[in-house]
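Next come the chains, spelled out residue by residue.
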Number of protein chains: 2
Amino acid sequence: MPELPEITVISKQMNKVISNKQISEIEAKQPKNLNIPNREFIKTAIGKTIERVTSKGKWIIITLQPRYYMLINLGMGGDLLYFKKGKKLPDKYHFKLTFNDDSGFTAFFWWFGHIHLVKEDKLSEHKATNKLGIQPTDQKFTLKIFKSSLTKKKSRIKNFLLDQKNIAGIGNVYVQDILFRSKLHPNRKIPTLREEEIENLYDAIKYTLNRSIKLRGLAYEKDFFGEKGKFSSQEFLVGYKEGKPCPKCKTLIEKIKTGSTSTYICPECQRLL
Amino acid sequence: MPELPEITVISKQMNKVISNKQISEIEAKQPKNLNIPNREFIKTAIGKTIERVTSKGKWIIITLQPRYYMLINLGMGGDLLYFKKGKKLPDKYHFKLTFNDDSGFTAFFWWFGHIHLVKEDKLSEHKATNKLGIQPTDQKFTLKIFKSSLTKKKSRIKNFLLDQKNIAGIGNVYVQDILFRSKLHPNRKIPTLREEEIENLYDAIKYTLNRSIKLRGLAYEKDFFGEKGKFSSQEFLVGYKEGKPCPKCKTLIEKIKTGSTSTYICPECQRLL
DNA sequence: TAATCTAACAACGA
DNA sequence: CTCGTTGTTAGATT
């Protein structure tokens, strides 16, 4: 479940190590990961050069030259692993892309994943990415912008945070501690939030994600070089800590159903009313 | 609650009697009925000539020359009444449109109604009408088309019939007898419908609506000339007949809640299972 | 355990 | 009784 921190880390690594390389070969074992027919995908991509790699939310954006975009989403989880010439490949992968220096990368999806190829002038029509909200790591993500994005919204705060159209990059892992740090129950309705709570929430979003980026992501996710992050799950405050004491007040942490997902909360620190 | 029959009758009358007339004056007492500011509406419409009047579903479509469309929806109910020069106007109305021969028409909405003005090339962007389904009175409304519109749908049959995106023109009045004639419970899920039931439903839709058109609509609705229709509510089979005997089996008719609307059914003839 | 899209449905406002 | 918008839920996706 790579979220913004993992995607940020991996896309920066990719940008450093594969920029300017030219695509020479592609193997796509699972056609459903692609947005166009296998044959067309390969024909279009081969010969093109990596201009740069960036990311937005949970999407990795590879800009190709001549201008095309390769958009990668790891879905529920997976690996994107660099390989050098002659090095052994991972045992299992669904997608392999090789450069003309015989380096490359493989992609393994353990559930749903996407690798899309989109023409430069068609990027705005790409439904999965064209509605993405602002990234919490973006300079433009100011408190003012955040507040205005909440106006007129009536949903529950957790649903808001997970909706990529509002903010891009938060998933069901980081949202746990974001909510705990801001002392908000996941089902709090947005119109009931006080000024101060919104400010705490804003700080919690930035703090939580930036801290993980500094630690190069979650300890159970691999980066482009197969290295694991340093943000270990033991550092979670309440996430996945059902039955453990709240780090603040020692009340036992509960796991509750919130819509289709689960949320771990301290029932004392994160009251609904 | 004018539905397809009433709207069909009134739009045909309008087409005969106001075509080729030029708009000279407009009075709009309730700005919320309009899609653009009052002043702009009036300025745009005045001077234009009625080319023809048609309808689709519950919408009256007035084509203006130079090309513009005036789209009227009576919402939950209301009157659209013609007046000749010098004749007394209705006591209450929300909208009045006068032609240069001093004839015209008034509109009265007893709840919400809409009078929209749309440029010819913007008609496809008009949300309230651009997604309307086929009219049951259209030649193209064949059994085959009807069947194919049901494929992959999983909703309850009543919801399907009332959704104007599927079929345009059926409301909560005519749907009552349509369901009774086809012996369908309003909450029957579409995938459970048998071939024969779909065919009966198709016939019931056409029969019910066409019969009412022949009788010039419901007896409690007025046409463009203030005349009432001949489809009296006493001719309803089950609609609004709570506690009365079913015309088929004498079982007492029940009024049940179906989503946000009510449905009158014979619990014997319209079984759910 | 996780992500996204879609259809169906409910609640609300105009 | 209508229609649109927003949000929620369940199901499907490989």
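Note that the coordinates shown come from a computational prediction; the quantities given were computed from them, not determined experimentally.

K.L.:
Help me get a handle on the overall build of chain A, residues and values and all.
P.N.:
The helix and strand tally for chain A stands at 7 helices and 10 strands. In terms of overall size, chain A behaves like a compact globule, its C-alpha atoms giving a radius of gyration of 20 Å where 273 residues would be expected to give roughly 19 Å. C-alpha extents for chain A along the principal axes are approximately 60 × 35 × 30 Å. Here chain A, with 273 residues, has 35% of them falling under the buried criterion.

K.L.:
So, the protein's contact with DNA strand D: which residues are in play, and what are the values?
P.N.:
Lining the immediate surroundings of DNA strand D are 25 residues, of which A:Phe112, A:Ser155, B:Ala128, B:Gly171 and B:Thr261 lie closest. Classifying every residue of the surface near DNA strand D gives 5 nonpolar, 14 polar and 6 charged.

K.L.:
Kindly report on the nonpolar core, identifying the contributing residues and their values.
P.N.:
Of all hydrophobic cores here, the largest spans 56 residues; its most connected members are A:Ile72, A:Leu80, A:Ala107 and A:Val238. Of the residues forming this core, the biggest block, 6 residues, is contributed by helix α1 (residues 4-18) of chain A. Composition of this core by domain shows at least three residues from each of domain 1 (4-130) and domain 2 (143-265) of chain A. Once residues lying within four places of it in the same chain are set aside, the contact partners of A:Leu80 are A:Ile10, A:Ile72, A:Leu74, A:Phe105, A:Ala107 and A:Phe224. Counting residues in each nonpolar core, the second largest holds 55 residues, with B:Leu64, B:Ala107, B:Cys246 and B:Cys266 among its members.

K.L.:
Describe in detail the sheet that holds strand β7 (residues 104-109) of chain A, supporting the description with residues and values.
P.N.:
Strands belonging to one sheet form pairs held by backbone hydrogen bonds; the direction of such a pair is parallel or antiparallel. Residues and elements named next belong to chain A. An order of β1-β6-β7-β5 is seen for the 4 strands of this open sheet, with the pairing classed as antiparallel. Edge positions in the open sheet fall to β1 (23-28) and β5 (78-83), since each of these has one partner strand only. For this sheet, the mean angle separating the axes of adjacent strands, direction not counted, is 10°. Where β5 lies against β7, 6 bridges are found, and the strand directions are antiparallel. Directly across from tyrosine 82, in β7, lies its bridge partner phenylalanine 105.

K.L.:
So what's going on with the sheet that holds strand β2 (residues 49-56) of chain B? Residues and values would help.
P.N.:
Residues and elements named next belong to chain B. One open sheet holds the 4 strands; their spatial order is β2-β3-β4-β8, and the pairing between them is antiparallel. Where the open sheet ends on each side, the last strands, each with one partner, are β2 and β8 (114-119). Recorded for the sheet is a direction-independent mean angle of 20° between the axes of neighbouring strands. Summarising the sheet, β2 and strand β3 (residues 59-65) pair through 7 bridges and their orientation is antiparallel.

K.L.:
Can you tell me about the packing of helix α6 (residues 174-181) of chain A against helix α7 (residues 195-214) of chain A, naming the residues and giving the values?
P.N.:
Residue and element names in this part refer to chain A. In the contact formed by α6 and α7, the axes pass within 9 Å of each other and the chain directions differ by 135°. Of the possible angle classes, the one that applies to α6 and α7 is oblique. Crossing of α6 against α7: the hand is right-handed. Taken together, the residues of α7 that come into contact with α6 (itself represented by Tyr174, Asp177, Ile178 and Arg181) are Ala204, Ile205, Tyr207, Thr208, Leu209 and Ser212. Considering only residue class, the contact of α6 with α7 consists of 6 nonpolar, 2 polar and 2 charged.

K.L.:
Now, about the pairing of strand β6 (residues 95-99) of chain B: what can you tell me, with residues and values included?
P.N.:
Every other side chain in a regular strand lies on the same face of the sheet, so the side chains alternate between the two faces. Residue and element names in this part refer to chain B. The pairing of strand β1 (residues 23-28) with β6 spans 5 bridges and is classified as antiparallel. Across the sheet, the residue bridging to isoleucine 26 is leucine 97, located in β6. Note: β6 against strand β7 (residues 104-109), 4 bridges, orientation antiparallel. In the strand pairing of β7, leucine 97 is matched with phenylalanine 105.

K.L.:
Quick one: what's the story with the environment of A:Leu4, residue by residue and with numbers?
P.N.:
All names here are of chain A. With respect to the helices, strands and loops of the structure, leucine 4 is situated in helix α1. Given 27 C-beta atoms within a 10 Å radius, leucine 4 is considered buried. Residues leucine 4 and glycine 171, 167 residues apart in the sequence, show an inter-C-alpha distance of 8.1 Å. Each residue touching leucine 4, except ones within four places of it in the same chain, is listed here: Gly57, Lys58, Gln135, Pro136, Thr137, Gly169, Ile170 and Leu209.

K.L.:
Tell me what's going on with the protein's contact with DNA strand C, and back it up with residues and numbers.
P.N.:
Taken together, 22 residues form the shell around DNA strand C, and within it A:Met1, A:Gly171, A:Asn172, B:Ser155 and B:Gly259 come nearest. Broken down by class, the residue content of the surface near DNA strand C amounts to 5 nonpolar, 10 polar and 7 charged.

K.L.:
Can you lay out the confidence of the model for chain A for me, pointing to particular residues and giving the numbers?
P.N.:
The pLDDT averaged across chain A works out to 95; a share of 100% of its residues lies at or above 70. Strand β2 (residues 49-56) of chain A holds the highest mean pLDDT among the elements of chain A, 98, whereas helix α3 (residues 127-130) of chain A holds the lowest, 92.

K.L.:
Talk me through the domain arrangement of chain A; I want residue IDs and the actual numbers.
P.N.:
Residues and elements named next belong to chain A. The domains assigned to chain A are domain 1 (4-130) and domain 2 (143-265). Distance between the C-alpha centres of domain 1 and domain 2: 28 Å. Contact with domain 1, which involves 16 residues of that partner, is made by 17 residues of domain 2. Among the secondary structure elements, those contributing two or more residues to the side of domain 1 that touches domain 2 are α1 and β5. The element that contributes the greatest number of residues to the side of domain 1 that touches domain 2 is α1, accounting for 9 residues. Within the side of domain 1 that touches domain 2, the residues separate by chemical class into 9 nonpolar, 3 polar and 4 charged.

Scoring rules and cut-offs
Residues numbered from 1 in each chain as written. Chains lettered and ligands numbered in written order. Predicted model: local features only at pLDDT ≥ 70, side-chain atom pairs only at ≥ 80, totals over all residues. Helix = DSSP H or I, 4+ residues; strand = E, 2+ residues; numbered from the N terminus. Rg over C-alpha atoms; globule rule 2.2 N^0.38 Å. Buried ≥ 20, exposed ≤ 12 C-beta atoms within 10 Å, placed from the backbone. Near = placed C-beta within 6 Å. Nonpolar A, V, L, I, M, F, W, Y, C, P; charged D, E, K, R; others polar. Core = buried A, V, L, I, M, F, W, Y, C linked by C-beta atoms within 7 Å. Domains from an automatic or database assignment. Contact = placed C-beta atoms within 7 Å. Pairing = 2+ DSSP bridges. Axes fitted to C-alpha atoms, helices over the stretch in contact; angles between N-to-C directions. Parallel < 35°, antiparallel > 145°, perpendicular 65-115°, else oblique. Left-handed = near helix turned anticlockwise from the far one by under 90°. pLDDT = per-residue confidence, 0-100.

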